[in-house]
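Take a look at the letters that make up each chain.
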Amino acid sequence: MELLDAHLVPAVDGVAFGLLLFVVAAGLSLAFGTAGVLNLSHGTLYAIGAYTGAELSDGTWGGLALGLAAGTAAACVAGAGLSAATAPLARRGHLAQALLTFGLALIGGDLLIQFFGADELPVRVPEALDSSVNLLGHRYPAYRLCFIVMAVLLAAFGTWVLTRTRMGAAVRAAADDPQMLAATGHSPRAVHTGVLAAAGALAGAAGVLGAPIIGPGPGTSETVLMLSLVVVVLGGLRSLWATFFAAVAVGEVQTLGVSVAPELAPYLLFAAMAAVLVLRSRFAEPTAAGAGHGSEGSGPDPVARIRGLLAGRLPGPERPSARLDRPPGHDRAPAWSSRLPGRAAWWQAAPLLVLLVVLIALPALLDAYSISLAGSALALGLLAISVTVLTGYAGLPTLGQTAPFAVGAYATANLADAGWTVGPVQIVLSALAAAVFAAVVGPAVIRARGTTVLMITLAIGELTGAVVNQLKSVTGGADGLVGFPATRALWGGEGMLEESELYNYALVVAVVAVALTLLVLRSPAGKLLTGTRGAEARMRASGHPVGRYLLVAHVCAGALAGVAGSLMVTVQQYLSPADVGFEIAAFALLAVVIGGTTSVIGALLGAGLIVATRDWVAGSWPGHGPLLLGVLFVATVYVLPRGLAGLRSGGPGGGGESGRPSGTTGAPGTPGAPGISGDPGGPRGSHGSDSAAAEEQPPSVPAPTRAGKASP
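Along each chain, numbering runs from 1 in the same order as the chain's sequence is written. This being a predicted model, a pLDDT of at least 70 is required before a residue's local features are given, and a value of 80 or more before pairs of side-chain atoms are given or counted; all residues contribute to the totals for chains, interfaces and linings. Here the side-chain values reflect all heavy atoms present in the structure, with hydrogen atoms and water set aside.

**Some details on the overall build of the chain**
Then step 1. The secondary structure content of the chain amounts to 27 helices and four strands.
Then step 2. The criterion used for residue contact is that any of the two residues' heavy atoms lie within 4.5 Å. Within the chain, counting contacts between residues at least 6 apart in sequence, those at least 24 apart form 79% of the total.
Then step 3. Residue-level accessible areas treat just the shown protein chains as cover; the underlying method is Shrake-Rupley with a 1.4 Å probe. Accessible area for the chain stands at about 30300 Å²; split by element, carbon and sulfur atoms hold 67% of it. Only DSSP runs of H or I with at least four residues qualify as helices, and only runs of E with at least two residues qualify as strands; both kinds are numbered from the N terminus onward.

In structure tokens:
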């Protein structure tokens, strides 16, 4: 009884907090489960309502009603606008939607701060509710009890609308069978717009009513979004009541959990989110996946293309007619000539060589500050390349690559603090630590598909962020690490302190890392990895251990991210949690989309553009960095659907330096790119490849046999 008495107020607080999350998450679940929109700006819709309600609140019932009406209407209009913004992306998958809505969230957050100010706004509730009542011998705020009642009534009303009304039937039909809905005379597009408008209205109303609980201020939208994503993942998309109970559980962890077990509470939410996603992915057997991009009849078999490419490198029987056509004395070319790169190879390598020349010349052209930004861009570029390996080649879109990036970064900082200041040693040990981390979490990632991969990697990234904030003896907590000895380029050298020295060191490391990455991606192993993305079922049927390929790719990408983290620490000479947070993961994914999801050089260029926008362009317009980055996100999604590599190729089968098979360019969800399906158990690469149909199918060779080896 004493235990219940001690924790009664936190427990009731948890119910109120959870029900607030339920109202927000109900809208997010409605948008994703019914309209198919992965809306990462949903927290901004909450912030719109919260700011509006706080601005109009004056401590009267009229002020509360006016704020509720205005905040709900403003968020509703924003939701309808979101429907128009995402309509052109309907066939491009959820990754493009995620990037677009994240960019819109950056723009909206900047505009809210510019309009309402950077300080948290006070909220004045009606006097009748601005008091406390007796709850089992404890004083408890009357407003929160009132909010609990309103949220329960809203859950009951929402369930009734979705299950008992014609409007709810139309919404369910729009999700399950839009063609049949259109045949009945209803417009699926209108229903789609209405659903997103209703989701926005729910978030806006939650913002107005929940402002006394989660007040309007900087960081509000990010907090609400992350917690709402956890609720949606735990509760699923099928039932409002499941979302209701999941929201209450999350609320209890955030309040009662902090009171009972403060050392565990930061990890519980995202650990539970990752566990639920992994368990769900276990029920969706990857071997049941479809044929990948090219379904039967939609184009040539990607595995046949891979076998043809490999067969073309092997000596084979020579046609007699070919020998007769040769001039005398030319029966055999010199052996050394076959090793020289051809014109096509030089053409593909030209952009990389031009970029290398420009990077070498930068120290002579830029000031010290700009040189330091260039070094940071190289570090972010390596992180983006690791995302390219996973997203473009393995078909595993990730929002959590900052986790091995953080492992490498903090490993380097602690090694330097312990006296291990030699650069190559730091690079190798950081890459090894990040690879071990990737190997540990890899099995939880590689079996998932589509949007589930995004959510699992997001949870892993957030769990890593929680560890960074809590493990102060290693990471310095929220204060970060600073003051550790400078890195030495080689044994016996001095610590690098000048920007030009740090940049040259970063450039050498980046060149070596990029060269190794390109060698692997151009090798038969890289082509097999591409095959696992494009035709997983066929690869499994032919005896290939697809799971092993994906795990190796995940480990190698993790090692590359660890190198990027080590490089970032060396260049910056300090490290904070913000350097390895969710925003950096989104920037790395954006850099990949800017460059083209299978373009290594494109990822480097995308990272450079992001750093220049965030730190250089924004310097001339102080306080508007998020706005500029948001515009960059939005412009990239619309203007560069296949990235810079698509512009260079000039066609669907364009090559680039990556060595990929033609027909695999473009952003995920676009023709010829990894499909990002909203179904957690959906097939990998479920969208057809338009470009593959135009290719001539090479002759196939016998499939490799691996008797006695079961595909994982």
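The rest of the description comes next.
**Looking at the packing of helix α4 (residues 93-116) against helix α26 (residues 625-639)**
Then step 1. Orientation is described by axes fitted as lines to C-alpha atoms, over the contacting stretch for helices, and by angles from 0 to 180 degrees between their N-to-C directions. Packing of α4 against α26 brings their axes to within 7 Å, and their N-to-C directions diverge by 155 degrees. What the angle tells us is that α4 and α26 run roughly antiparallel. Where α4 crosses over α26, the two elements pack in a sense that is left-handed. Residue-level contacts link A96, L99, L100, F102, G103, L104, L106, I107 and D110 of α4 to P626, L627, L629, G630, V631, F633, V634, V637 and Y638 of α26.
Then step 2. Residue type decides the class: Asp, Glu, Lys and Arg count as charged, Ala, Val, Leu, Ile, Met, Phe, Trp, Tyr, Cys and Pro as nonpolar, and the leftover types, Gly among them, as polar. Looking at the contact of α4 with α26 residue by residue, the class counts come to 15 nonpolar, two polar and one charged. Small angles under 35 degrees read as roughly parallel and large ones over 145 as roughly antiparallel, with 65 to 115 read as roughly perpendicular and the rest as oblique. In this scheme the handedness of a crossing depends on how the near helix is turned from the far one: anticlockwise by less than a right angle means left-handed, clockwise means right-handed.

**Structural notes on the packing of aromatic side chains**
Then step 1. Under the pairing criterion, centres of Phe, Tyr and Trp rings, with the six-membered ring standing for Trp, must be within 6.5 Å; the plane angle then separates stacked pairs below 30 degrees from edge-to-face pairs above 60, leaving the rest tilted. As enumerated under the stated definition, the model contains eight aromatic pairs in all.
Then step 2. Geometrically, the ring pair formed by F102 and F582 is edge-to-face, given 5.4 Å between the ring centres and 85 degrees between the ring planes. With F102 in helix α4 and F582 in helix α24 (residues 582-595), this residue pair connects regions lying 480 residues apart in the sequence.
Then step 3. Classification of F582 as buried rests on a relative accessible area of 16%.
Then step 4. Ring geometry for F115 and F116: centres 4.8 Å apart, planes at 80 degrees, overall edge-to-face.
Then step 5. Partly exposed residues are those whose accessible area sits between 20% and 50% of the maximum for their type, while under 20% is buried and over 50% is exposed, using a 1.4 Å probe and protein chains only. On the accessibility criterion, F115 (66% relative accessible area) is exposed.

**A few points about the confidence of the model for the chain**
Then step 1. For every residue, the predictor reports its confidence as pLDDT, a number between 0 and 100. Counting all residues, the mean pLDDT for the chain is 79, and 80% of those residues have values of 70 or more.
Then step 2. Per-residue pLDDT stays below 50 along residues 285-327; that stretch engages in 78 contacts with residues further than four places along the chain or on separate chains.
Then step 3. Ignoring residues within four places in sequence, the model shows residues 335-340, a span with pLDDT below 50, making zero contacts including any to other chains.

**Let's talk about the pattern of salt bridges**
Then step 1. The working definition used for a salt bridge is a side-chain nitrogen of Lys or Arg within 4 Å of a carboxyl oxygen of Asp or Glu. Under the counting rule described, the total for this entry stands at three salt bridges.
Then step 2. Here R614 ties to D615 by a salt bridge, and the two come within 3.0 Å at their closest N and O atoms.
Then step 3. Given the relative accessible area of 27%, R614 is considered partly exposed.

**Some remarks on the packing of helix α20 (residues 499-522) against helix α23 (residues 546-572)**
Then step 1. For the pair α20 and α23, the least separation of the axes is 10 Å and the interaxial angle reads 175 degrees. Between α20 and α23, the crossing angle belongs to the class labelled roughly antiparallel. Contact residues: L502, Y505, A506, V509, A513 and T517 in α20; L560, V563, L567, T570 and V571 in α23.

**A few points about helix α15 (residues 368-393)**
Then step 1. Along its 26 residues, α15 runs 36 Å from first to last C-alpha, staying within 8% of the 38 Å computed at 1.5 Å per residue.
Then step 2. By definition, a residue's bend is the angle between the axes fitted to the seven residues ending there and the seven starting there. Most pronounced at V387, the bend in α15 amounts to some 25 degrees.
Then step 3. For α15, the tally of buried residues reaches 23 of 26 residues, placing the bulk of the element in the interior.
Then step 4. The definition of a polar contact used here is a pair of N or O atoms within 3.5 Å, where within protein one atom must be able to donate a hydrogen and the other to accept one, and adjacent residues in sequence count solely through side-chain atom pairs. Measuring from the side-chain oxygen of the N-cap residue of α15 to the backbone nitrogen of Y369 gives 3.1 Å; that N-cap residue is D367.
Then step 5. Two residues or fewer after α15 comes G395, characterised by a positive phi angle close to 70 degrees. Multiplying 1.5 Å by the helix residue count minus one yields the expected span of that helix.

**Details of the environment of A618**
Then step 1. Inspection of the secondary structure puts A618 in the loop between α25 (600-617) and α26.
Then step 2. As a C-alpha pair, A618 and L628 span ten residues in sequence and 7.1 Å in three-dimensional space.
Then step 3. Aside from chain neighbours lying at most four places away, what touches A618 is T613, G625 and L628.

**Observations regarding the pairing of strand β1 (residues 132-135)**
If a strand is regular, its side chains alternate between the two faces of the sheet.
Then step 1. When β1 meets strand β2 (residues 138-141), the two strands line up antiparallel, connected through four bridges. Bridged to N134 within β2 is R139.
Then step 2. Here, any two strands with at least 2 DSSP bridges between them count as paired. Where β1 folds back on β2, the antiparallel hairpin that results is connected by two residues, among which L136 adopts a positive phi of roughly 55 degrees.

**As for the nonpolar core**
Then step 1. Among buried residues, the Ala, Val, Leu, Ile, Met, Phe, Trp, Tyr and Cys ones that are joined through side-chain atoms within 4.5 Å form a nonpolar core. Ranked by internal contacts, the top residues of the largest apolar core, which has 162 residues, are M273, L382 and I610.
Then step 2. The element best represented in this core is helix α1 (residues 2-33), accounting for 14 residues.
Then step 3. Contact partners of M273, with chain neighbours within four places excluded, come to V230, V233, L234, M455, L458 and A459.
Then step 4. Counting residues in each nonpolar core, the second largest holds twelve residues, with A35, V171, V195 and A199 among its members.

**A word on a nonpolar patch on the surface**
Then step 1. There is a patch of nonpolar side chains on the surface, built from W420, L429, L432, V436 and V440 and spanning about 500 Å² of accessible area.
Then step 2. Relative to the assigned elements, W420 resides in the loop between α16 (402-417) and α17 (423-446). Each patch is built from salt-bridge-free residues with over 30% relative accessible area, joining like charges within 9 Å and nonpolar side chains (Val, Leu, Ile, Met, Phe, Trp, Tyr) within 5 Å.

**Let's talk about unusual backbone geometry**
Then step 1. The backbone of Q573 shows a phi angle near 65 degrees, a positive value even though the residue is not glycine.
Then step 2. You can see Q573 is positioned in the loop between α23 and β4 (574-575).

**Structural notes on the environment of G219**
Then step 1. Within the element layout of this structure, G219 appears in the loop between α8 (188-210) and α9 (220-235).
Then step 2. C-alpha of G219 to C-alpha of A47: the two residues are 172 residues apart in sequence and 9.5 Å apart in space.

**Structural notes on α20**
Then step 1. Along its 24 residues, α20 runs 34 Å from first to last C-alpha, staying within 8% of the 34 Å computed at 1.5 Å per residue.
Then step 2. For α20, the complete set of buried residues consists of L502, Y503, Y505, A506, L507, V509, A510, A513, V514, T517, L518 and L521.

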